[in-house]
Amino acid sequence: MFLPKLSFLSFLLASSGAAAVSIDAHYPHDPHTLSGCLLQFRIETLLPSSANFSTAIQPYNLRTGLGWVPTALVLPHTPQEVAAAIRCANKFNIKVAARSGGHSYGAYGLGGQNGSLVIDLQNFNMLSVDPKTQIATIGAGVRLGDIATYLYNNGKRALPHGMCGGVGLGGHILHGGFGYTSRMWGITLDTVLSITAVISTGQILTITSVSNPDLFWALRGAGSSFAIATSFQLQTQPAPSNAIIFNYTFPSSTSIPDKVSLFEKAQEFAATAPPELALRLMTRTASFPIVAEWQFVGAYWGSRGKFNEVIAPLLAAWPADTHAEISEQKWLQALDTFAMSSIVPPHPYNIHDTFFAKSLTTSVPISNGSLSSFFTFLRDNSNAPVTWWVLGDLYGGKYSKIASKGPEDASYAGRDALWTFQLYSVPKGFIPPYPSDGVEFMGRMHDSMTKVDGSSNWGAYPNYVDPTLAPREAHRLYYGSQYDRLREIKRRYDPEMRFWNPQAIGVE
Ligand SMILES: Cc1cc2nc3c(=O)[nH]c(=O)nc-3n(C[C@H](O)[C@H](O)[C@H](O)COP(=O)(O)OP(=O)(O)OC[C@H]3O[C@@H](n4cnc5c(N)ncnc54)[C@H](O)[C@@H]3O)c2cc1C
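Cut-offs applied
- Residues numbered from 1 in each chain as written.
- Predicted model: local features only at pLDDT ≥ 70, side-chain atom pairs only at ≥ 80, totals over all residues.
- Heavy atoms only, no water.
- Axes fitted to C-alpha atoms, helices over the stretch in contact; angles between N-to-C directions.
- Helix = DSSP H or I, 4+ residues; strand = E, 2+ residues; numbered from the N terminus.
- Parallel < 35°, antiparallel > 145°, perpendicular 65-115°, else oblique.
- Contact = heavy atoms within 4.5 Å.
- Nonpolar A, V, L, I, M, F, W, Y, C, P; charged D, E, K, R; others polar.
- Disulfide = S-S within 2.5 Å.
- Buried < 20%, exposed > 50% of the residue type's maximum accessible area, 1.4 Å probe, protein only.
- Pairing = 2+ DSSP bridges.
- UniProt positions renumbered as here; feature names shortened; annotations may be inferred.
- Left-handed = near helix turned anticlockwise from the far one by under 90°.
- Domains from an automatic or database assignment.
- Buried area = accessible area lost by both parts, 1.4 Å probe.
- Salt bridge = Lys/Arg side-chain N within 4 Å of Asp/Glu carboxyl O.

Peer 1: Where do I start with the packing of helix α12 (residues 368-379) against helix α13 (residues 438-450) in this structure?
Peer 2: In helix packing, the relevant descriptors are the interaxial angle and the interaxial distance, both defined with respect to the helix axes. At their nearest, the axes of α12 and α13 sit 7 Å apart, and the two run at 150° to each other. Comparing the axis directions of α12 and α13 gives the class roughly antiparallel. In this structure, α12 uses Ser370, Ser373, Phe374, Phe377 and Leu378 to contact α13, whose residues at the interface are Phe441, Arg444, Met445, Ser448 and Met449. For the contact of α12 with α13, the residue count by class is six nonpolar, three polar and one charged.

Now the structure itself:
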């Protein structure tokens, strides 16, 4: 057992309900209804009366309150069908949401409310790589694990992306996309060369930095508010020949001042750590015995000898008896290790979890006071109503590729994040339902970090959407000073707010 992987935990909770769907030919033909309009264009559609509807709309996150019921779910096969579905929604003034992998923490792929039209991209499953340019063309509905294995098996290529094989490309790439190669290659959205997408008028566009600079900027960070992306052209990288996977574990008895000091030393080291290094703090409650209570884990994309050189200053700063586990792995093997199972997702996809998470980004080193407050909260709450764990990922540092671009490159606002924390919780013992006081507890956990230094440097990661945030708070935390430009582009391209979820750009 090595790195905790959310998908692994999800396997524990795998439901047997397959999401296979079929056309429902018996819905009303009345052209004065949404369903009649969709039928007119012969788009594969499921309505609440359809046999497979309840299975098809099951969100990844089964937490109570996220089971949004759409007015219809369509499964188009072409951008033209997506365009027709959007025109039908325009005609009947119905909000639209796209669903690619369905892994939104707030089930926003179902619209984040009842009554939306959901455009499911699962039929946009094309995958190819041009052997000359090594540019990949990938459908929005393809899952990360399928992308990784296809690219490696077709020319030993790779992309930077998250570690759960079941996450869909569409949502992931339009709101960030962080993984263990991101400090070296950037986040997933940094690989985008062009996006085929349908905008709110129903127009199909091939969007590049030259053809539609505003949309190209807005889609890469806040994509769900601007268009339905059907496919992407992405610049791939040669897959690294090997990875050094490391795990440094500290005793559960480590005191709060010692934990603070260990983190501060890692933070000091991180400021100039090379881009080939991925570093994550991991800590968890005692009721989550799968991993050690306090550890730093990660990967180095290079040789063992070079890794020893790189990590030496950190080890010199940490206690001499720090427990280390180091292994050398090939690319796909390393991806399986990060996934704590196979990176390849099951087909049909039938994995679910019941959870609530908060995220925290900081652009400056975390202070001694904030760390002390946070670690004290974690220690003093052994009677928490949930089983929780915390992942603190190093995004930044002087040599991080993520930080190498400015705010004008993309609307994604986390370029200057030094650390991104995820505070993740499930019902105790992984047995649903999620407790009613769990959200409040996780809020206090979050605040124990932020309350000491005020709010100015704290943000949140839009791919870990927190549906409990009011829209303005979400906009401030996800987009900061990028928000005003996003709002202006939304007014121009989607004045009717057709693409909607509770935290979409423009929602007040
Ligand atoms: C188990 C698990 C592990 C994860 N691991 C990581 C990780 O390692 N790194 C990381 O960065 N993130 C990770 N995430 C977060 C993940 O990146 C986001 O939840 C992501 O938005 C999911 O994309 P999706 O297409 O699967 O979800 P969906 O629910 O389909 O979509 C998410 C959002 O994007 C919109 N959207 C989806 N497709 C499109 C499209 N084609 N056009 C326009 N809008 C669209 C939806 O409307 C929704 O608002 C993880 C999530 C889970 C549940």
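Read on, since the account is not over.
Peer 1: Would you explain the state of the cysteines in this entry?
Peer 2: The full count for this structure, using the stated rule, is one disulfide. Between the sulfur atoms of Cys37 and its disulfide partner Cys88 the distance amounts to 2.1 Å. Residues Cys37 and Cys88 share a disulfide whose torsion about the S-S bond is about -85°; that sign makes it left-handed. With Cys37 in helix α2 (residues 34-40) and Cys88 in helix α4 (residues 79-91), this residue pair connects regions lying 51 residues apart in the sequence. Per residue, the accessibility class of Cys37 equals that of Cys88, and both read buried.

Peer 1: Looking at this structure, how should I read the sheet that holds strand β3 (residues 96-99)?
Peer 2: Picture the strands of a sheet paired through backbone hydrogen bonds; they go either parallel or antiparallel. With respect to topology, four strands assemble into an open sheet ordered β1-β2-β4-β3, the strand pairing being mixed. Of all the strands in the sheet, just β1 (45-46) and β3 have a single pairing partner and so form its edges. Where strand β2 (residues 72-74) meets strand β4 (residues 117-120), three bridges bridge the pair, whose relative direction is parallel. By the bridge assignment for β4, Val74 is matched with Ile119.

Peer 1: Help me understand the UniProt feature "domain: FAD-binding PCMH-type" (unreviewed entry) in the protein chain, please; the structure alone is not making it clear to me.
Peer 2: If you check UniProt for "domain: FAD-binding PCMH-type" (unreviewed entry), the listed places come out as residues 66-239 in our numbering. Structurally, residues 66-239 is divided into 25% helix and 24% strand, and its ends, taken at the C-alpha atoms, are 38 Å apart.

Peer 1: Help me out: how do you make sense of the packing of helix α9 (residues 256-270) against α12 in this one?
Peer 2: α12 packs onto α9 with a crossing angle of 130° between their chain directions and a minimal axis gap of 9 Å. Between α9 and α12, the angle is such that the two are oblique. α9 and α12 meet at a crossing whose hand is right-handed. For the pair α9 and α12, the contacting residues are Ile256, Lys259, Val260, Phe263 and Glu264 in the first and Asn368, Leu371, Ser372, Phe375, Thr376 and Arg379 in the second.

Peer 1: For this particular structure, what's the right way to read the domain arrangement of the protein chain?
Peer 2: Accessible area lost during the coming together of the parts is what is often quoted as the interface size. Domains assigned within the protein chain are domain 1 (6-120), domain 2 (127-239) and domain 3 (243-343 + 351-468). Computed over C-alpha atoms only, the centres of domain 2 and domain 3 are separated by 25 Å. Facing the 33 residues of domain 2 at the interface are 38 residues of domain 3. Summed over the three residues of domain 2 that lose the most area to domain 3, namely Phe178, Tyr180 and Arg183, the buried surface amounts to 35% of that side. Where domain 2 packs against domain 3, one counts three salt bridges. With its nearest N and O atoms 3.6 Å apart, the salt bridge here joins Asp409 to Arg220. Elements that contribute at least two residues to the side of domain 2 that touches domain 3 include exactly α5 (144-153), β7 (157-158), α6 (169-174), α7 (182-185) and α8 (213-222).

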